[in-house]
Amino acid sequence: MNNKLIYFKKIGMKELGYLSFFESSKDIPFEIKRIYYTYSIPLGVKRGMHAHKELQQLMWCPYGEIEVILDDGKTIETFTLDSPDKGLLIVRGYWRDFYAKKEGSVLCVAASDYYIEEDYIRDYDEFLKYVEKGYWNDEN
Ligand code: TYD
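This report concerns the structure included in the present document.

The rules behind these values
- Residues numbered from 1 in each chain as written.
- Predicted model: local features only at pLDDT ≥ 70, side-chain atom pairs only at ≥ 80, totals over all residues.
- Heavy atoms only, no water.
- Core = buried A, V, L, I, M, F, W, Y, C linked by side-chain atoms within 4.5 Å.
- Buried < 20%, exposed > 50% of the residue type's maximum accessible area, 1.4 Å probe, protein only.
- Helix = DSSP H or I, 4+ residues; strand = E, 2+ residues; numbered from the N terminus.
- Contact = heavy atoms within 4.5 Å.
- Pairing = 2+ DSSP bridges.
- Arc of directions from axis to C-beta.
- Lys, Arg positive; Asp, Glu negative; His and termini not counted.
- Salt bridge = Lys/Arg side-chain N within 4 Å of Asp/Glu carboxyl O.
- Polar contact = N/O pair within 3.5 Å; in protein donor to acceptor, adjacent residues only side chain to side chain.
- Near = heavy atom within 4 Å.
- Nonpolar A, V, L, I, M, F, W, Y, C, P; charged D, E, K, R; others polar.

## Notes on the nonpolar core
Next up, step 1: In this structure, M59, I66, V68, L70, L81, L88 and L107 are the most contacted members of the largest nonpolar core, which totals 16 residues.
Next up, step 2: For this core, the secondary-structure elements that each account for two or more residues are strand 6 (57–63), strand 7 (66–71), strand 8 (76–81), strand 9 (86–90), strand 10 (95–100) and strand 11 (106–111).
Next up, step 3: Looking at this core, the element that brings in the most residues is strand 7, giving three residues.
Next up, step 4: Apart from the residues lying within four places of it in its own chain, the contact partners of M59 are V68, L81, K86, G87, L88, I90, R96, L107, C108 and V109.
Next up, step 5: Core analysis: the next-biggest nonpolar cluster, separate from the first, contains 11 residues, I6, F8, I28 and L89 among them.

Here it is, written out as structure tokens:
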């Protein structure tokens, strides 16, 4: 699995507060074309429920706690974003679900491309067919 947790640089101190940042193509392995964010997610509600054919993403949670579940069609791995200096890099070809674990949690996403509905796979059985035919084999 090429998905991984990364930690952003953290500047500051307890008495003053902190600043974290990342730079396109330097700290993350793609150029950022789009930023979006999800918020006011009621506890217990499942979001996501799709995979991407090509899109790469970095997710981070600047406030609260988000649980992200990644599925390659064979193995499931769960990641917890519970600190503003923590990010999750997601390569293409993973089904993802996510949940807010605390009220008011915010999930931010930096994406490698613009919004392209044709890049989405929103049906789990269709996703499994892509896995079976080895659509992402060269990368994953
Ligand atoms: P979706 O990606 O399915 O949301 P989530 O994975 O967070 O549950 O997107 C929800 C809706 O928002 C869908 O109608 C597409 C639209 N949308 C855009 O128009 N632009 C975007 O950049 C994104 C991410 C979604």
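Don't stop here, the text continues.
## Some words on the sheet that holds strand 8
Next up, step 1: Spatially, five strands are ordered 8-7-10-5-12 in an open sheet, and the strand pairing comes out antiparallel. Of all the strands in the sheet, the pair left with one neighbour each is strand 8 and strand 12 (120–121).
Next up, step 2: Note: strand 5 (residues 47–52) against strand 10, three bridges, orientation antiparallel. Bridged to G48 within strand 10 is D97.

## Quick look at the pairing of strand 3 (residues 17–21)
Next up, step 1: As paired strands, strand 2 (residues 9–13) and strand 3 are joined by five bridges and run antiparallel to one another. Of the residues in strand 3, the one forming a bridge with K10 is S20.
Next up, step 2: The hairpin formed by strand 2 and strand 3 contains three residues between the paired strands.

## Quick look at helix 1 (residues 124–132)
Next up, step 1: Inspection of helix 1 places F127, Y130 and V131 among the buried residues, and these make up the whole buried set. Buried residues of helix 1, seen end-on, are gathered within an arc of 100 degrees and therefore sit on one face of the element. For helix 1, the exposed residues lying more than 90 degrees away from the buried face are D125, K129 and E132.
Next up, step 2: Contacts from the buried residues of helix 1 go to strand 5, strand 7, strand 10 and strand 12.
Next up, step 3: Just downstream of helix 1 lies G134, where phi reads positive at about 75 degrees.

## Comments concerning the side chain of R34
Next up, step 1: Looking at the secondary structure, you find R34 in strand 4 (residues 34–38).
Next up, step 2: As a buried residue without a salt bridge, R34 has its nearest oppositely charged side chain in D119, at a separation of 6.9 Å.
Next up, step 3: A polar side-chain atom of R34 sits 2.9 Å from the main-chain carbonyl oxygen of D113.
Next up, step 4: Aside from chain neighbours lying at most four places away, what touches R34 is L55, V109, A110, A111, D113, Y114 and Y115.

## Focus on the site of the ligand
Next up, step 1: The environment of the ligand is formed by R34, Y36, T38, R47, G48, H50, F98, Y115, Y120 and R122.
Next up, step 2: Taking G48, its main chain carries an N or O atom lying 3.1 Å from an oxygen atom of the ligand.
Next up, step 3: Within the contact set of the ligand, an oxygen atom lies 2.8 Å away from a side-chain nitrogen or oxygen of R122.
Next up, step 4: Along the lines of polarity and charge, the residues of the shell around the ligand split into four nonpolar, three polar and three charged.

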